[in-house]
Amino acid sequence: MSLSSSAKVVPEAEARLVAEQRPESGSGQQEARDEPELDRRASERLRSGRRFSATSESQLRRVSVRRSSSRRSQKSVNKKPRCHTDCLEAPLNLAFQRLGWAVGSHPWLFLLGPLVLTALLGTGFVHLPKDKEENLEEQYSPVGSPAKKERFFVQRHFTTNDSLRFSATRKSTEVNFASVLAFSHTPSLLEPDIFSEVSKLDHAVQALFVVQEDGTRIHYTQVCAKVRGGCVPSNPLLAAWQRKKDLNLKNITFPVYSLNQQVIYLTRLVGGIILGERKGKNQILVQAKALRLQYYLQTELAEDNEKSKKWLIHFLNQFSDMKDGLALKKIQAVYFTSLSRQLEFEAASKTVVPLFHLAYLLIILFAIMSCYRFDCVRNKMWVAIFGVISVALAVVSGFGLMLYMGVPFVIIVANSPFLILGVGVDDMFIMISAWQKTNLMDNTRQRLSSVYSKAAVSITVTTITNVLAFYTGVVTSFRSVQYFCIYTGTTLLFCYFYNITCFGAFLALDGKREVVCLQWLKKAETSDQKCASLKRSCCFPFDSLPDEDGSGSHPMNLFFRDYFGPFLTSTESKCFVVLLYLLYIISSIYGCFQVQEGLDVRSLASDDSYVTPYFDVEEEFFSEYGPMVMVVVTKNVDYWNKDVRQKLEQCMIDFEDNMYVDKNLTEFWLRTYVQYMEEAKQDVNDKDTFVNNIPIFLNNFSNFIYDINISSSNEIVSSRAFIQTKDVSTATNKKKMLQQLRGIAAKCEIPLLVYNQAFIYFDQYAIIVENTIRSVIVASLAMFIVSLLLIPHPVCSLWVTFAIASVVVGVTGFMAFWNVNLDSISMMNLVICIGFSFDFCAHICYAFVSSSKPSVNQKAIEALYLLGYPVLQSALSTVIGVCVLYTSNTYIFRTFFKIIFLVMVFGAAHGLIFIPVFLTFF
């Protein structure tokens, strides 16, 4: 966002520049003659950056004279500023003056050139991916996370086979699956009649088939993952009941149930449980509210994978109708597939496209209302409309260039145009305001040169700060954030470029219309009055003739000067503001400790998606147990060595003693093998005996066949065990569990790693805070350096840094109160708020410290008078640009609005309330 202010186009700096360029003269008379010109330029400069503020010439002259008088006093005693860091302003000012003159001289060239450039870059949209699936893991999981390295090791050392003996816990990546959660209306579904309904649902799912274009069918049995020659049971307990209908459902033990020498782990299969008396390490399962039916499909071969996906899509399309056709009376069912995240995320992103049209219309209406004047010559309604069009051209150009360069277009980038619309029009307002202060009698080149000298430096500074804030997002560990920041930062650069080229050219052309219209209207006063109305209509919209001097303050500026400023600087108000800020900062800090971390899977889908009830049911009934975690021995160790086994056993005990692990559900081939060897009276400490008996052992215990990697030279390259996690339903517990398990593995004397497929996403919990803090610090340092270079007062830089930190803390804290998690989406918005906070606070700070008013209260009132309305306008225009996202039924887009809204509210509050009051104290 861009704000015009004395912080950017500094009156004192220009006054010094004019004074230095003026020929030296010893006569007071010559100095007196030069002072009016100095006053006039300082006055114009002071007014140039303000949006729609029509401050009277006399008021501005009084301010300028007082400042000039102060400078003469300083000059008389030969005092100079100790630190002069705004050296960039003078050359930039001169360069933009020349650019303005060139644009005013050749407006059609500068108008048509960007239009041609937009047309060329717009062809980049042919590279916009249409059917390509967005890799959610790549975009929303950390780059270079430990889990990805762990997965790579597991993939290299352990293999599985979906067609022979499938094991979901032993897969290194997520497989194709369909999941159905069946839950009962009664206290328990452990009843034959309810199991009968669940069985009916199970048979209906397995009966689904896909008819392909060539007429062939894809049945479930063709694509299902296999074990012992048949499909993997959707639920082993249900499968046991289907084979034996008289199975006693009141004698089932939990978490492990043994049936005909088959061990069934029920932790992820049965939910909403109530346990009874203990039987060894297990307890009787008294009640259960839900069953999980998991249909695993083949994934390894490309052909099988494609067939599996076709069957899953058919399942998604048919499940609701199929369930209704079954007329289930005692159970309800919710469903989810391995494709659901991807498909629902893509579907949710399409719902935001119509909202862009609404946002565009609102911004046009806002621009028209803001730029309308009761002056048929100087009315800038059409110019404002073109300004919004130039923002749209910037979006086309920026996005087209990025697509040409091969920068991936991810769904989250769809948020970018809403933000750019709100921010991009701010620079237009500044240029229109500067144009309104020029003399109608001057030629177009002179007027545009004046506009550029007054406004271009201003919008340059704010463009630099905002673009820097976006480009610092590249240092994050999330691809989606990186791509969003690259697209948005580049598009804002195009907004800036088009503002100083084609929009300036349009201003020049409109300036010619002003001259023609003014001459025509004035002739109507002396010629045939019958033609007056017709001529006025040609200058539509029409009302009154333009005022001669262009003076007159905007009512909002007068409100800040005459009402808000005096009220804010009263003693009672200051006390209230201090209390309000203390309440704000205490609430914010408290909220920072309450913020939940990580992106919830259901957040990727729309609110009315079938995904939401599935995860609600899963959270209610299946949240007690988490994923089964691999404990992998990463190097070749002497398993037959008793000391090695003891060290490894101690590590496993450490894992089992962890609060997030159920010690009774560990699966470790070595423990079973040692017991097997001892029962067979074999010497487990002899290398040859140990190694040679492994194949025989695996024939009898085939569930461990994928857990031992034996090389061709009969060496155990690596092996793995499995531990069952529990109580990890919250993001905080997932992060603690992951950190503690990795810590145990790192301390073990035997080289270990821990891994599960879910760790790819759990890693975001471990690094999201670190990434956010790093990004905020980098962006804040960039803003601090910019403020030092462009604002010649170190106190301002300190106050700006304080304000940025305060706004970031406030936004982060209030995220918790608005149910927004700290994830890659919100982290991106926190980085954005750095640039916006700078815009709000830097200008107010510098306007205060550069004021020549004698008292601190008067300084605060003057700062608010000059910049209060622009700050308010900037916040309002940005909120209007993104407000339509709040109507979206998708978490990602609503989150974007929520955080931008918080940034605007807190940024404006700091600029208009907190900073002015605190500056009067210090």
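Here, the structure is the one placed above.
Reference entry: report on the structure contained in this document. In this numbering scheme, every chain counts its residues from 1 along its sequence in written order. Whole-chain, interface and lining totals are the exception, using all residues; otherwise, since this is a predicted model, local features are given only for residues with pLDDT of at least 70 and side-chain atom pairs are given and counted only at 80 or more. Values shown for side chains rest on all heavy atoms present in the structure; no hydrogens or waters enter the calculation.

1. Side note on the overall build of the protein
Then step 1. Of the regular secondary structure elements, the protein holds 31 helices and 18 strands.
Then step 2. Throughout, a contact is declared for two residues whenever any of their heavy atoms are within 4.5 Å. Once local pairs closer than 6 in sequence are excluded, the contacts in the protein between residues at least 24 apart make up 80%.
Then step 3. For the protein, the computed accessible surface area is about 38,500 Å², with 58% contributed by carbon and sulfur atoms. Comment: elements are numbered from the N terminus, with helices defined as DSSP H or I runs of at least four residues and strands as E runs of at least two. Only the protein chains shown count as cover for residues, with accessible areas throughout obtained via the Shrake-Rupley method and a probe of 1.4 Å.

2. A look at the sheet that holds strand β1 (residues 177–184)
Pairing between the strands of a sheet comes from backbone hydrogen bonds, and it takes one of two forms, parallel or antiparallel.
Then step 1. Here, a strand pair is defined by DSSP locating no fewer than two bridges between the strands. Within the open sheet, the 4 strands sit side by side as β9-β12-β1-β13. Their pairing is antiparallel. Only two strands of the sheet have a single neighbouring strand rather than two, namely β9 (270–271) and β13 (331–337).
Then step 2. In this fold helix α11 (residues 302–326) packs onto β1 and β13, with an angle of close to 165 degrees to the strand it touches most, β13. An axis is simply a line fitted to the C-alpha atoms; with a helix, the fit covers only the stretch in contact. Between two such axes, the angle follows the N-to-C directions and lies from 0 to 180 degrees.

3. Thoughts on the pattern of salt bridges
Then step 1. Salt bridges are counted wherever a side-chain nitrogen of Lys or Arg sits within 4 Å of a carboxyl oxygen of Asp or Glu. Across all of its chains, the model carries 19 salt bridges by this definition.
Then step 2. When the shortest N-O distance is used, the salt bridge between Lys330 and Asp193 registers 2.3 Å. With Lys330 in the loop between α11 and β13 and Asp193 in helix α8 (residues 192–206), this residue pair connects regions lying 137 residues apart in the sequence.
Then step 3. We note a salt bridge from Arg561 to Asp562, for which the minimum N-O separation is 2.8 Å.
Then step 4. Exposure categories follow from relative accessible area, calculated using a 1.4 Å probe and restricted to protein chains: below 20% of the type maximum is buried, above 50% is exposed, and the middle band is partly exposed. Residue class for Arg561 comes out partly exposed when judged on its relative accessible area of 25%.
Then step 5. Each member of the salt-bridge network shares a partner with another, and the members are Arg170, Glu667, Asp707 and Arg720.

4. Some points on the state of the cysteines
Then step 1. When the sulfur atoms of two cysteines come within 2.5 Å, that pair is taken as a disulfide. Applying the stated criterion to the full structure yields 2 disulfides.
Then step 2. The disulfide that involves Cys224 links it to Cys231, with 1.9 Å between the sulfurs. In this structure the cystine formed by Cys224 and Cys231 twists about its S-S bond by roughly -65 degrees; its chirality is therefore left-handed.
Then step 3. When its relative accessible area of 25% is taken as the criterion, Cys231 is described as partly exposed.
Then step 4. The thiol of Cys502 is not disulfide-bonded; the next cysteine sulfur, from Cys495, is found 10.0 Å away.
Then step 5. For Cys502, a relative accessible area of 0% gives the class buried.

5. As for helix α29 (residues 824–849)
Then step 1. Between its terminal C-alpha atoms α29 stretches 38 Å, which fits the 38 Å expected from 26 residues at 1.5 Å a residue.
Then step 2. Across the 26 residues of α29, 25 count as buried, placing the element largely inside the fold. For a helix, the expected span equals 1.5 Å multiplied by the number of residues minus one.

6. Overview of the pairing of β13
Then step 1. For β13, the tally of buried residues reaches 6 of 7 residues, placing the bulk of the element in the interior.
Then step 2. Pairing geometry for β1 and β13, over 7 bridges, is antiparallel. Each bridged residue has a counterpart across the sheet, and for Ser179 the counterpart in β13 is Phe336.

7. Some details on the side chain of Thr501
Then step 1. Here Thr501 is to be found in helix α17 (residues 479–526).
Then step 2. A 3.5 Å cut-off defines polar contacts: any pair of N or O atoms within that distance qualifies, except that in protein one atom must be a possible hydrogen donor and the other a possible acceptor, and neighbouring residues in sequence count only when both atoms are side-chain atoms. Here the side chain of Thr501 touches Phe497 through a polar contact of 2.7 Å, landing on its backbone oxygen.
Then step 3. In contact with Thr501, other than residues within four places in its own chain, are Val103, Phe110, Pro114 and Tyr452.

8. Notes on helix α15 (residues 416–436)
Then step 1. Compared with the 30 Å implied by 1.5 Å per residue over 21 residues, the 31 Å span of α15 between its first and last C-alpha is a close match.
Then step 2. Of all 21 residues that make up α15, 21 are buried, and the element is covered over most of its length.

9. With respect to the pairing of strand β18 (residues 752–755)
Two faces belong to every sheet, and in a regular strand the side chains alternate between them.
Then step 1. Alternating residues of β18 divide into Leu752 and Val754 and Leu753 and Tyr755, and every residue in both groups is buried.
Then step 2. When strand β14 (residues 625–633) meets β18, the two strands line up antiparallel, connected through 4 bridges. Bridging from a neighbouring strand, Val633 pairs with Leu752 of β18.

10. Points about the sheet that holds strand β10 (residues 274–279)
Then step 1. If you walk across this open sheet you meet the 3 strands as β6-β11-β10, and the pairing is antiparallel. If you trace the sheet from one side to the other, it starts and ends with β6 (253–254) and β10, each paired once.
Then step 2. As judged from the 4 bridges shared by β10 and strand β11 (residues 282–287), these two strands associate in the antiparallel manner. Following the sheet pairing, Ile274 is matched in β11 by Gln287.

11. Concerning the packing of helix α28 (residues 794–817) against α29
Then step 1. Two elements in contact, α28 and α29, have axes whose closest approach is 8 Å; the angle formed by their N-to-C orientations is 145 degrees. Judged by the sense of rotation from one axis to the other, the crossing of α28 with α29 is right-handed. Across the interface between the two elements, Cys796, Trp799, Val800, Ala803, Ile804, Val807, Val808, Val811, Thr812 and Met815 from α28 touch Ser826, Leu830, Cys833, Ile834, Ser837, Phe838, Cys841, Ala842, Cys845, Tyr846 and Val849 from α29.
Then step 2. Each residue gets one of three labels, nonpolar for Ala, Val, Leu, Ile, Met, Phe, Trp, Tyr, Cys and Pro, charged for Asp, Glu, Lys and Arg, and polar for the others, Gly among them. Among the residues making up the contact of α28 with α29, the classes are represented as 18 nonpolar, 3 polar and no charged. Two helices that cross are described as forming a left-handed crossing if the nearer one is turned anticlockwise from the farther one by less than a right angle, and a right-handed crossing if clockwise.

12. Observations regarding the packing of aromatic side chains
Then step 1. The pairing test for Phe, Tyr and Trp rings, Trp by its six-membered ring, is centres within 6.5 Å, and the orientation test on the planes gives stacked under 30 degrees, edge-to-face over 60, and tilted for anything in between. In total, this model carries 58 aromatic pairs according to the counting rule given.
Then step 2. Ring centres 4.6 Å apart and planes at 5 degrees place the aromatic pair Tyr335 and Tyr610 in the stacked group. Taken together, the residues span a long stretch of sequence, with Tyr335 in strand β13 and Tyr610 in the loop between α20 (571–592) and α21 (611–621) at a distance of 275 residues.
Then step 3. By relative accessible area, which is 17% here, Tyr610 ends up buried.
Then step 4. Ring geometry for Tyr581 against Phe918: centres 5.1 Å apart, planes inclined by 90 degrees, an arrangement best described as edge-to-face. A residue pair is termed long-range when its members are at least 10 positions apart, and Tyr581 in helix α20 and Phe918 in helix α31 (residues 891–921) qualify at 337 residues.
Then step 5. The exposure class assigned to Phe918 is buried, which follows from its relative accessible area of 9%.
Then step 6. Through a chain of ring-to-ring contacts, the aromatic side chains of Tyr581, Tyr584, Tyr590, Trp799, Phe802, Phe814, Phe817, Phe906, Phe914, Phe918 and Phe921 assemble into a single cluster.
Then step 7. Positioned over the ring face of Phe622 is Arg292, at 4.6 Å from the centre of the ring.
Then step 8. For a Lys NZ or an Arg CZ to count as sitting over a ring, it must be within 6 Å of the ring centre and within 35 degrees of the ring normal. Between the NZ or CZ atom of Arg720 and the centre of the ring of Phe158, over which it lies, the distance is 4.4 Å.

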